[in-house]
2 protein chains.
Amino acid sequence: MVEDVIRALGHATLGSRLRRLGERLQAEAQELTGLLTGEELPSPHHTVLGALSRNGPMNIGDLAVCLGQAQPGVTRMIGKMKTAGLVIAHTDLSDRRVSTIHLTERGKKRIAELEALHWPAVEAGVATLCGQLEGSLLDQLTGLETLLNEKSLKQRVLEAQSQENEP
Amino acid sequence: MVEDVIRALGHATLGSRLRRLGERLQAEAQELTGLLTGEELPSPHHTVLGALSRNGPMNIGDLAVCLGQAQPGVTRMIGKMKTAGLVIAHTDLSDRRVSTIHLTERGKKRIAELEALHWPAVEAGVATLCGQLEGSLLDQLTGLETLLNEKSLKQRVLEAQSQENEP
DNA sequence: CTTATTTATATACTAAGTTATATATCTTGT
DNA sequence: ACAAGATATATAACTTAGTATATAAATAAG
């Protein structure tokens, strides 16, 4: 039995710990997208689609702000999403430096699937997990890690789905 | 004022949110290493040094387990730390597939600095922040983000240091 | 005692983020 | 009207993670 060093170091390595747990949840959520909607979607695409769905067409700079992320990363992600046919850029007529990102029909269809099938299921699954946590931030992180070790988010969400169908 | 989409999507994007906040804390902590010990040290080096300091020499596989990370990432990180002169690998005599990673003198010196100067300061700073949080995991994350927006971890730790010197 | 399987580490490729800087366009001051 | 500065996006170079797979060494099976 080897100890978990990042957990053992406590507040001193909280950054590493949050990041590690975040990556784990992202990976599980991405796998769930595939199972629930029939097609995977990289985690950063979710948040971009969410931003465009909530706010309507946006330019790169505003997207970066509302995703809390550096602009070059958003530019690259939008490039991939263009290739995937999810978004399209329109150069602003009154300021040709600005490119406004719109959802394509495919992007709108994809986000409708997310809103109908993926987000509610993940929201419910994660909320159920978080509802079992209490105490300090470190305690809750430990609790969440423990719950995920016992049974993955994926498994929990799929079980909840099947119970819905045969109650 | 643009809304923070990742925050707004709640439990559905908890993974992205944990990761984003983790990266932010890691970046601040790394900057603090430079200020407190005179030389920066990448965040993953901290946890590897911590593991070797707590457990003594370890092989790559066990390191991966106790860091909660995939083996190829650890191999790569150890490669960089060898180049930086922090660790050295000894091939196991009884099983020549296994390479045991030891701290060098420089590595031991570096970790002594971390234990004396960096970890206690960051531990205290982050613990003070976390002590002000309460409620659900999402609430505590929002609280932590808000506190960090008001004043960076770096600034908080440096202020605590100067108060220590002139009480 | 060889062949087959397992195991430990290394390598190749991909993804997503960062900072620093280049490019193109717009705005301003004279 | 035009040079100087500001701003929006793009590109480059780097970091750190992951999965899949190759390599090399040890163990097991016949």
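What you see is a predicted model; the values in this text were computed from it and never measured.

**Student:** So what about the overall build of chain A? Which residues, and what values?
**Tutor:** Looking only at helices and strands, chain A has eight helices and three strands in total. When the helices and strands of chain A are listed from N to C terminus, the series reads α-α-α-β-α-α-β-β-α-α-α. Principal axes of the C-alpha set define a box for chain A whose edges measure 60 × 45 × 25 Å. For chain A, buried positions account for 44% of its 167 residues. By sequence separation, contacts in chain A at least 24 residues apart represent 55% of the contacts at least 6 residues apart.

**Student:** Could you give me a rundown of the confidence of the model for chain A, with the residues and numbers involved?
**Tutor:** Residues of chain A with pLDDT of at least 70 account for 99%, and the chain-wide mean is 93. The lowest-confidence element of chain A is helix H8 (residues 153-165) of chain A, averaging 86 in pLDDT; the highest-confidence one is strand E3 (residues 99-103) of chain A, averaging 97.

**Student:** Can you explain the sheet that holds strand E2 (residues 87-91) of chain B? Please cite residues and give values.
**Tutor:** Residue and element names in this part refer to chain B. Overall, antiparallel pairing links the three strands, which are arranged E1-E3-E2 in an open sheet. Unpaired on one side and paired on the other, strand E1 (58-59) and E2 mark the two borders of the sheet. The sheet contact formed by E2 and strand E3 (residues 99-103) spans five bridges and is antiparallel. The residue bridging Thr91 from the neighbouring strand is Ser99, located in E3.

**Student:** Mind laying out the pairing of E3(A), listing which residues take part and the relevant values?
**Tutor:** Of the strand pairs in this sheet, strand E1 (residues 58-59) of chain A and E3(A) are connected by two bridges, and their pairing is antiparallel. Bridged to Met58(A) within E3(A) is Ile101(A).

**Student:** Explain the relation of the copies chain B and chain A to me, and be specific about the residues and the numbers.
**Tutor:** Overlaying chain B on chain A yields an RMSD of 0.1 Å, the required transformation being a rotation through 180 degrees with an accompanying axial translation of 0.0 Å. Such a turn and shift between the copies fits a two-fold axis. Using C-alpha coordinates, one finds that chain B approaches the rotation axis most closely at Arg19(B), a distance of 2.0 Å.

**Student:** With reference to specific residues and values, describe the sheet that holds strand E2 (residues 87-91) of chain A.
**Tutor:** On the basis of which strands lie adjacent, the open sheet formed by three strands has the order E1-E3-E2 (chain A) and antiparallel pairing. Two strands bound the open sheet, and with one partner strand each, they are E1 and E2 of chain A.

**Student:** Account for the interface of chain B and chain A, naming residues and giving values.
**Tutor:** Contact with chain B, which involves 47 residues of that partner, is made by 47 residues of chain A. Counting each side, the surface lost to burial between chain B and chain A is near 3800 Å², with a carbon and sulfur contribution of 65%. Contact with chain A buries area across many residues of chain B, yet His11(B), Arg19(B) and Leu137(B) alone supply 16% of it, more than any other trio. Where chain B meets chain A, there are four salt bridges. Of the charged contacts, one joins Arg19(A) and Glu23(B) as a salt bridge, the two residues approaching to 3.7 Å between their closest N and O atoms. Our count for the contact surface shared by chain B and chain A stands at 18 residue pairs in polar contact (both at pLDDT 80 or more).

**Student:** Lay out the protein's contact with DNA strand D in plain terms, naming residues and giving numbers.
**Tutor:** Near DNA strand D lie 20 residues; those nearest to it are Gly61(A), Gln71(A), Arg97(A), Arg76(B) and Asp95(B). Restricting attention to atoms of DNA strand D within 4 Å of the protein, one finds that 57% of them are sugar or phosphate atoms. A distance of 3.5 Å is found between a phosphate oxygen of DNA strand D and a backbone nitrogen or oxygen belonging to Ile60(A). Per-element accounting of the surface near DNA strand D gives the leading share, four residues, to helix H5 (residues 71-83) of chain B.

Calculation notes
- Residues numbered from 1 in each chain as written.
- Chains lettered and ligands numbered in written order.
- Predicted model: local features only at pLDDT ≥ 70, side-chain atom pairs only at ≥ 80, totals over all residues.
- Heavy atoms only, no water.
- Helix = DSSP H or I, 4+ residues; strand = E, 2+ residues; numbered from the N terminus.
- Buried < 20%, exposed > 50% of the residue type's maximum accessible area, 1.4 Å probe, protein only.
- Contact = heavy atoms within 4.5 Å.
- pLDDT = per-residue confidence, 0-100.
- Pairing = 2+ DSSP bridges.
- Least-squares fit on C-alpha atoms with pLDDT ≥ 70 in both.
- Buried area = accessible area lost by both parts, 1.4 Å probe.
- Salt bridge = Lys/Arg side-chain N within 4 Å of Asp/Glu carboxyl O.
- Polar contact = N/O pair within 3.5 Å; in protein donor to acceptor, adjacent residues only side chain to side chain.
- Near = heavy atom within 4 Å.

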